[in-house]
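Each chain, letter by letter, is given below.
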Amino acid sequence: MPGPAQNNGPHQCLSLRRRSSSHQDAPRAHQNPAISITENVLHFKAQGHGAKGDNVYEFHLEFLDLVKPEPVYKLTQRQVNITVQKKVSQWWERLTKQEKRPLFLAPDFDRWLDESDAEMELRAKEEERLNKLRLESQGSPETLTSLKKGYLFMYNLVQFLGFSWIFVNMTVRFFILGKESFYDTFHTMADMMYFCQMLSVVETINAAIGVTKSPVMPCLIQLLGRNFILFIIFGTMEEMQNKAVVFFVFYTWSTVEIFRYPFYMLSCIDMDWKVLTWLRYTVWIPLYPLGCLAEAVSVIQSIPVFNETGRFSFTLPYPVKIKVRFSFFLQIYLIILFLGLYVNFRHLYKQRRRRYGQKKKKIH
């Protein structure tokens, strides 16, 4: 006999089920059913084997309102699921045209929807649609990750090319000119070094806003320390620009970076070149102290120059009237310089230890 039917409110589909009368003969129930809709009437006819043997099961159901004449059905072991679409999505007072419900027809309360249920479902679908639109406008997490990796890859690539240009040019000039190349390093390399060091501000910003996982303090110490040497010690004093110490400062900076930036660049595309990784976590061990020493020498050499020119020196107002020389701040900076070396050296040592530290053996 026909089983439960669902009148699911304003939704577009109606669902009816025609169940087999015998579980034991279920696999043979409702073989090749004839299901059609003509003049808004559902016609069902099928042959099945039940408790009384082979029988023909048949019924006709006239709907309350217009439906589409293309029913869809699915056969299972115990029933036939029939889905009929309404022509107009609206609420029906009942399923059939006749006011009295047929005896064989019963609602399926597991799938029943009243007006409040339908409104909640429609609201949930609307929220889902709005969330989908919001995600599309903001970009999916995968898209944002790809954009971030692309941005970091390009940043590290540009820095690598800049410092590589400095390193290669300084090396070639040294082999061609020898020690004479020491004294015009600033005039030949300063523009590119200015560019790379100003761009390195982005690196500190990335760490501060969480684009990268690097701690902010080591990045900030390196940024301020290098830019102080480049812009204040070398950039403002022509007397310092012709000194050999400029060569050693620029050379140690660029040597460190031609291994660091390609390592970060390959990390953005999930590549690990073991030789490059080892160099990135190793070359700083001799180069950072040498770079710090070269910076300290440049500061020491600049002290008499600043004293002689009086640049950046000032006199305290009346009644103190004491002249404060800029060399006093340079002496303080020398102390800060070596403290900064300790902070960065400690940070890099921890990174190397995490990467290459001895793994603890499991105790069986």
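Here is what the cut-offs are and how they apply
- Residues numbered from 1 in each chain as written.
- Predicted model: local features only at pLDDT ≥ 70, side-chain atom pairs only at ≥ 80, totals over all residues.
- Heavy atoms only, no water.
- pLDDT = per-residue confidence, 0-100.
- Helix = DSSP H or I, 4+ residues; strand = E, 2+ residues; numbered from the N terminus.
- Contact = heavy atoms within 4.5 Å.
- Salt bridge = Lys/Arg side-chain N within 4 Å of Asp/Glu carboxyl O.
- Buried < 20%, exposed > 50% of the residue type's maximum accessible area, 1.4 Å probe, protein only.
- UniProt positions renumbered as here; feature names shortened; annotations may be inferred.
- Expected span 1.5 Å × (residues − 1).
- Bend = angle between axes of the 7 residues up to and from the residue.

(A) Looking closely at the confidence of the model for the chain. Averaged over every residue, the pLDDT of the chain is 83; the share at 70 or more is 83%. Ranking the elements of the chain by mean pLDDT puts strand β1 (residues 2-6) last, at 52, and helix α3 (residues 185-199) first, at 96. Low pLDDT (under 50) marks residues 21-29, which in the prediction has 19 contacts with non-local residues, meaning those over four places away or in another chain. Counted against residues more than four places away or in other chains, residues 360-364, with its pLDDT under 50, gives zero contacts.

(B) Region of the structure containing the pattern of salt bridges. The tally for this structure, following the rule as stated, stands at seven salt bridges. In this structure, K149 engages D270 in a salt bridge whose closest nitrogen and oxygen atoms are separated by 3.4 Å. Taken together, the positions of K149 in helix α2 (residues 141-177) and D270 in the loop between α7 (245-267) and α8 (274-280) put the pair 121 residues apart, joining distant regions of the chain. Accessibility expressed as a relative area gives 62% for D270, which makes it exposed. Several salt bridges share partner residues, and in doing so they unite E203, R226, E257 and R260 into one network.

(C) A look at the UniProt feature "transmembrane region" (unreviewed entry) in the chain. Here the UniProt-annotated "transmembrane region" (unreviewed entry) positions come out as residues 152-172, 243-263, 283-306 and 326-345. Structurally, residues 243-263 is divided into 90% helix and 0% strand, and its ends, taken at the C-alpha atoms, are 32 Å apart. Structurally, residues 326-345 comprises 100% helix and 0% strand, and the distance from its first C-alpha atom to its last is 28 Å.

(D) Region of interest: the environment of L341. Within the secondary structure, L341 sits in helix α10 (residues 326-356). According to the relative accessible area criterion, L341 is buried, its value standing at 18%. The sequence separation of L341 and P289 amounts to 52 residues, and the corresponding C-alpha distance is 7.4 Å. With sequence-adjacent residues up to four places away left out, L341 is seen in contact with Y288, P289 and C292.

(E) Region of the structure containing helix α9 (residues 284-309). Here α9 contains 26 residues, and its C-alpha end-to-end distance of 36 Å stays within 8% of the 38 Å for a straight helix at 1.5 Å per residue. The largest bend in α9 amounts to roughly 30° and is located at S302, with the proline P304 lying one to four residues further along. Phi turns positive, to about 75°, at G310, one or two residues after α9.

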